[in-house]
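# A closer look at the structure
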Amino acid sequence: LDSSRAEACTTNKAEDNGSMKPRQRRVVAVASLTVTALHAPASVTPFSQSHVTTRRPSRLHVGTDVSSLLYQEQEKLLVQRGELEESLVNAISLEASKVKVRGTGKAGGFGKSSSPRVGPDKAEGKPYAKILRKEGVIRIDNVLSESTADALREYLYNLRYMSESDVKEGKIQPIQRFADVLLKHNRCDLTVPLGDQIVSTALYESMCKSPVGSIILSEFGKSATLHELSCLMSDSGSQRQVIHPDTPFIEGKNAVLYTCFVALQDVTLDMGPTTWLPRTNTKDAHEIFRDQSGAEKDDFISKTPAVLGTLSKGSAAVFDSRTLHCGTANRSDKSRALFYFSFKSPKLAGSTGNPASIRRELGDARVTLGDLTSDLVELGKGNECELIGRLAGLMQ
């Protein structure tokens, strides 16, 4: 699934008259049988199980051998659909917005003030949040220092190796370390524990020293709950995903989930950066995207401006979970890692419509933004983190 040269994505766009090669028509017709599961009809009850629109669809609950065969066939159809969508999308690099924070007298980047940052600030978050509400995605540079990004990347790849070994030896179940991910070949979603210093440092820098925490505070308040804490890893050879939202658009409701992707290395065009379709966190966009025939959806994709997450190391993209997006194919010889976390609106009591990528013990703790950032501020002062220490003791 990530951003900063202004680099256009090479495309083979369909003719404006809507003509399509026979092979492409067959792909649309067949793939729609599978892709429909990602885009529920408008008539279903909000947040019911049938309304899940997620990057992590569940396996089919049938016999193991049959399930495996059906899943392989499903993945083939999704790969074909993704290849078609790639020919329709015309994307440019996602650039950092120029934001002027009231009282600072400065624009762009962080909107720095003369006094040192001690934690999230709602006033600072408002101008960023205004852009995020409209565009559905915003880039923030320098969220992590290069040294922290490097150390966190090394830590997470070591954690992945140990977790894969433990799963292979039968010590733990895969779900205890990995969340489901769409098109899992050469791609994984590694859930991250709390407790290790490098994870706490990364959260402190991103939540308390960058505007990210202020944006979420401005939108959701201190009662927002930590919904996900994980790392998406896309290895060489991973396929392009189909375009999808992580959560559905529900009439009368604002955003329910904001996610922050942080690049742990420079993400180049060939490493499979995330593609977002800005301004698609809307009712109209979601209704068009549910088009079962595929024709209106394809026309919508071809005509909607898109941006690529070709992020520099330590930079981040914050997005509304309703914004249409996808991870693209990694055609490089390098693995791409995106450390990420998301917070859920306190106004939503039920499910977001998206299975959370988070350690079960951490998800059950329902950690609030206010409590977590207060603990992280203490970390920045060199004091003990009581909450994080307590949560670390729960990790299995």
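I will try to describe carefully the structure that is included in this document.

A few words now on the sheet that holds strand β11 (residues 336-344). Pairing is antiparallel across the open sheet formed by 7 strands, whose spatial order is β2-β9-β6-β11-β5-β4-β3. Across the chains shown, the open sheet's two edge strands, defined by having one partner strand only, are β2 (137-140) and β3 (178-179). By the bridge criterion, 5 bridges tie strand β4 (residues 187-191) to strand β5 (residues 225-234) in an arrangement that is antiparallel. Looking at β5, one finds that aspartate 189 is bridged to leucine 232. Strands β5 and β11 of the sheet are contacted by helix α5 (residues 197-208), whose axis makes an angle of about 60° with β11. Its contacts with the sheet place helix α6 (residues 211-220) against β2, β6 (257-263), β9 (316-320) and β11, and it is angled at close to 30° to β11.

Another point: unusual backbone geometry. Of note, the phi angle at asparagine 142 is positive, near 55°, even though the residue is not glycine. Backbone geometry places arginine 366, a non-glycine residue, at a positive phi of 50°. As for its placement among the helices and strands, arginine 366 is situated in the loop between α9 (360-364) and α10 (369-380). According to the relative accessible area criterion, arginine 366 is exposed, its value standing at 62%.

Within the secondary structure, asparagine 330 sits in the loop between β10 (325-327) and β11. Since its relative accessible area comes to 2%, asparagine 330 is described here as buried. Engagement of the side chain of asparagine 330 in a polar contact is seen with the backbone oxygen of lysine 334, the distance being 2.8 Å. Beyond its immediate chain neighbours, meaning those up to four positions away, asparagine 330 contacts Ser234, Asp235, Ser236, Gly237, Ser238, Asp270, Met271, Gly272, Ser335 and Arg336.

Here we come to the packing of helix α3 (residues 122-135) against α6. The interhelical angle for the contact between α3 and α6, taken along N-to-C directions, is 80°, at an axis separation of 7 Å. The angle between the axes of α3 and α6 places the two elements in the roughly perpendicular class. Of the residues in α6, those in contact with Lys122, Glu124, Gly125, Lys126, Tyr128, Ala129, Leu132 and Arg133 of α3 are Pro211, Ser214, Ile215, Leu217, Ser218 and Glu219. Here the residues of the contact of α3 with α6 are counted per class, giving 6 nonpolar, 3 polar and 5 charged.

Our next topic: the pattern of salt bridges. With the rule as written, the count across this model stands at 17 salt bridges. In this structure, aspartate 320 and arginine 322 form a salt bridge, with 2.8 Å as the shortest nitrogen-oxygen distance. Both residues of the pair, aspartate 320 and arginine 322, belong to the buried class. Residue arginine 360 is joined to glutamate 361 by a salt bridge in which the shortest nitrogen-to-oxygen separation is 3.9 Å. When salt bridges with common partners are traced through the structure, they connect Arg81, Glu85 and Asp298 into a single cluster.

In this section: the packing of aromatic side chains. Two descriptors summarise a pair of aromatic rings, namely the distance from one centre to the other and the angle between the planes of the rings. Considering all chains together, one arrives at 7 aromatic pairs under this definition. Geometrically, the ring pair formed by phenylalanine 261 and tyrosine 340 is edge-to-face, given 5.5 Å between the ring centres and 75° between the ring planes. Of this pair, phenylalanine 261 sits in strand β6 while tyrosine 340 sits in strand β11, and the two are 79 residues apart along the sequence. Summarising the burial analysis for this pair, phenylalanine 261 and tyrosine 340 share the class buried. Each ring, one from phenylalanine 341 and one from phenylalanine 343, has its centre 6.3 Å from the other, and the planes form 80°; the classification is edge-to-face.

When two helices pack together, their arrangement is given by the angle between the helix axes and by the axis-to-axis distance. Relative to each other, helix α4 (residues 146-168) and α5 sit at 140°, their axes nearing to 10 Å. Here α4 is positioned oblique relative to α5, judged by the angle of their axes. Both α4 and α5 take part in a crossing whose hand is left-handed. Of the residues in α5, those touching α4 at Thr148, Ala151, Leu152 and Tyr155 are Ile198, Val199, Thr201, Ala202 and Glu205. Per-class residue counts for the contact of α4 with α5 are 6 nonpolar, 2 polar and 1 charged.

Structurally, the position occupied by glycine 119 is in the loop between β1 (91-93) and α3. For glycine 119, a relative accessible area of 11% gives the class buried. Along the chain, glycine 119 and glycine 370 lie 251 residues apart, while their C-alpha atoms are 10.0 Å from each other. With near-sequence residues (within four places) excluded, glycine 119 lies in contact with Cys208 and Val377.

Among the 5 residues that make up β9, 5 are buried, leaving the element largely enclosed by the rest of the structure. Both faces of β9 are covered, namely the face carrying Ala316, Val318 and Asp320 and the face carrying Ala317 and Phe319. Bridging between β2 and β9 involves 4 bridges; their strand directions are antiparallel. Counted as the bridge partner of isoleucine 140 is alanine 316 from β9.

Our next topic: the pairing of β6. For β6, the tally of buried residues reaches 7 of 7 residues, placing the bulk of the element in the interior. Covered by surrounding structure in β6 are Leu257, Thr259, Phe261 and Ala263 together with Tyr258, Cys260 and Val262, the residues of both alternating faces. Bridge analysis of β6 against β11 gives 7 bridges, and the strand direction is antiparallel. Within β11, the position partnered with alanine 263 by the bridge is leucine 338. Pairing analysis gives 5 bridges linking β6 to β9, with the strands arranged antiparallel.

What counts and how
- Residues numbered from 1 in each chain as written.
- Predicted model: local features only at pLDDT ≥ 70, side-chain atom pairs only at ≥ 80, totals over all residues.
- Heavy atoms only, no water.
- Pairing = 2+ DSSP bridges.
- Helix = DSSP H or I, 4+ residues; strand = E, 2+ residues; numbered from the N terminus.
- Contact = heavy atoms within 4.5 Å.
- Axes fitted to C-alpha atoms, helices over the stretch in contact; angles between N-to-C directions.
- Buried < 20%, exposed > 50% of the residue type's maximum accessible area, 1.4 Å probe, protein only.
- Polar contact = N/O pair within 3.5 Å; in protein donor to acceptor, adjacent residues only side chain to side chain.
- Parallel < 35°, antiparallel > 145°, perpendicular 65-115°, else oblique.
- Nonpolar A, V, L, I, M, F, W, Y, C, P; charged D, E, K, R; others polar.
- Salt bridge = Lys/Arg side-chain N within 4 Å of Asp/Glu carboxyl O.
- Phe/Tyr/Trp six-rings, centres within 6.5 Å; stacked < 30°, edge-to-face > 60°.
- Left-handed = near helix turned anticlockwise from the far one by under 90°.

So, to be careful, I would describe these as geometric facts and stop short of saying anything about function.
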